[in-house]
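What the coordinates show
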Amino acid sequence: RAKRQGRDCIVEFSVEEMEDTESRLTLGRSLRGAVQRGEMELHYQPQRDATSLALTGFEALIRWISPELGRVSPARFIPIAETLGMMPEIGEWVVGEVCRQAREWLDQGHRDFEIAFNVSAQELQRPGFVDQVRDALSVHEVPASTLNIELTESSLMENVDRVRRTLAELRAIGTRLSLDDFGTGYSSLAYLKQFPIDKLKIDQRFVRGLPYSDDDAAIAQTIVVLAHQLRMRVSAEGVETGEQAEFLRKLGCDELQGYYLGRPAAAPSASAFFPAAQVTATGDASESLQNA
Ligand code: C2E
Ligand code: MG
Ligand code: MG
Ligand code: MG
């Protein structure tokens, strides 16, 4: 254990803490300029209707492949990017890339899908955020209802009045809004009903123990009832087994997402999640009809 003594204080920190500080610095250095160097990529995880298992859309999840550090999880680098003030840049790239991909899929003839993407508290608070979304939509000529913005409870609870105005603007444009990781943050139900949220996403922590954990079952059921009472849709994250999917469908959950329903994949592979009939517009299906 290292010890540093000042006149009035003694600061102790462990080797792990030192290593962590060092690796955060290294990570921050590599992160600078990573977007421009093309080190970021979006992977798309399917979201499905709980009853029919038909594709309803995707969640875009950022991937960073650093030449120095290899693959770094967003759970690790996003908080560091926030501290270093890099989120505006990363966030702008994400929304642009999501719209570009949406346009590509629309051009290929795919319809009736939405793409959800994650927005951190800091991004939501930034004055230029709504304009960024509006610009990306118009540049790529994508209908606003294609976008579903995933927010967390904590990002809603900071500067509530300001956030309320931002969400109203986003809704006016026509984008949809989801509350991610629901049940893990702390948000007030009194506020929740005032925000124009379309979907609650049950956090995977409550899905993991299903169907055997009575506590998880009680929590999942309560969130489903709450969402529907507030006229919101509800989806579950982290669904890994058929048993969990079936249990959540019976609870009345509208949508499912998780490895059981499909893993996140880069766009070319993720395209395979679209129903085969939709390929008609590109000519592939008519070819196979001719061959039949
Ligand atoms: P999230 O938005 O709650 O995303 C769900 C996470 O669960 C993703 O981790 C996903 O890969 C993972 N996941 C999906 N299905 C399963 C499953 O069945 N089992 C398990 N164990 N995990 C599953 P990922 O991609 O590592 O992302 C972690 C977090 O990083 C995200 O949590 C989100 O908060 C943040 N994030 C990801 N992309 C972005 C982004 O573009 N911008 C911002 N601001 N945050 C992002
Ligand atoms: Mg999310
Ligand atoms: Mg989540
Ligand atoms: Mg999460």
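Located above this text is the structure these notes cover.
The structure reproduced in this document is the subject of the present report.

Parameters and conventions
- Residues numbered from 1 in each chain as written.
- Chains lettered and ligands numbered in written order.
- Predicted model: local features only at pLDDT ≥ 70, side-chain atom pairs only at ≥ 80, totals over all residues.
- Heavy atoms only, no water.
- Helix = DSSP H or I, 4+ residues; strand = E, 2+ residues; numbered from the N terminus.
- Polar contact = N/O pair within 3.5 Å; in protein donor to acceptor, adjacent residues only side chain to side chain.
- Contact = heavy atoms within 4.5 Å.
- Near = heavy atom within 4 Å.
- Nonpolar A, V, L, I, M, F, W, Y, C, P; charged D, E, K, R; others polar.
- 1 Å grid on protein atoms, 1.4 Å probe; cavity = no way out; pocket = protein on both sides within 12 Å on 5 of 7 lines; lining within 4 Å.
- Points joined across faces, edges and corners; volume = space filled by probe spheres on them.

1. Looking at the side chain of Lys199
By the element assignment, Lys199 lies in strand E9 (residues 199-202). A polar contact of 2.9 Å, which involves the side chain of Lys199, links it to the side chain of Glu255. When sequence neighbours within four positions are dropped, the list of residues in contact with Lys199 reads Gln47, Glu114, Asn148, Leu177, Ser178, Leu179, Met232, Arg233, Val234, Ser235 and Glu255.

2. Here's the deal with the site of ligand 1
For ligand 1, the set of nearby residues contains 24 residues, the closest of which are Arg63, Asn118, Asp180, Glu240 and Tyr259. Within the side chain of Glu240, an N or O atom sits 2.5 Å from a nitrogen atom of ligand 1. Contributions of two or more residues to the shell around ligand 1 are made by strand E4 (55-66), helix H2 (74-83), helix H3 (87-107) and strand E8 (176-182). Broken down by element, the residue count for the shell around ligand 1 peaks at 4 residues, all from E4. Split into classes, the residues belonging to the shell around ligand 1 amount to 10 nonpolar, 6 polar and 8 charged.

3. Describing the layout of surface pockets
The method is simple in principle: a probe with the dimensions of a water molecule rolls over the atoms, and the space it marks as empty is what remains. Considered as a void within the structure, the largest pocket measures approximately 1200 Å³ in volume. As for the largest pocket, its lining consists of 43 residues, and the residues nearest its centre are Glu59, Leu61, Pro74, Asn118 and Asp180. Here the residues of the lining of the largest pocket sort into 16 nonpolar, 13 polar and 14 charged. Reported here for the second largest pocket is a volume of approximately 150 Å³. A breakdown of the residues in the lining of the second largest pocket according to their chemical character gives 1 nonpolar, 4 polar and 7 charged.

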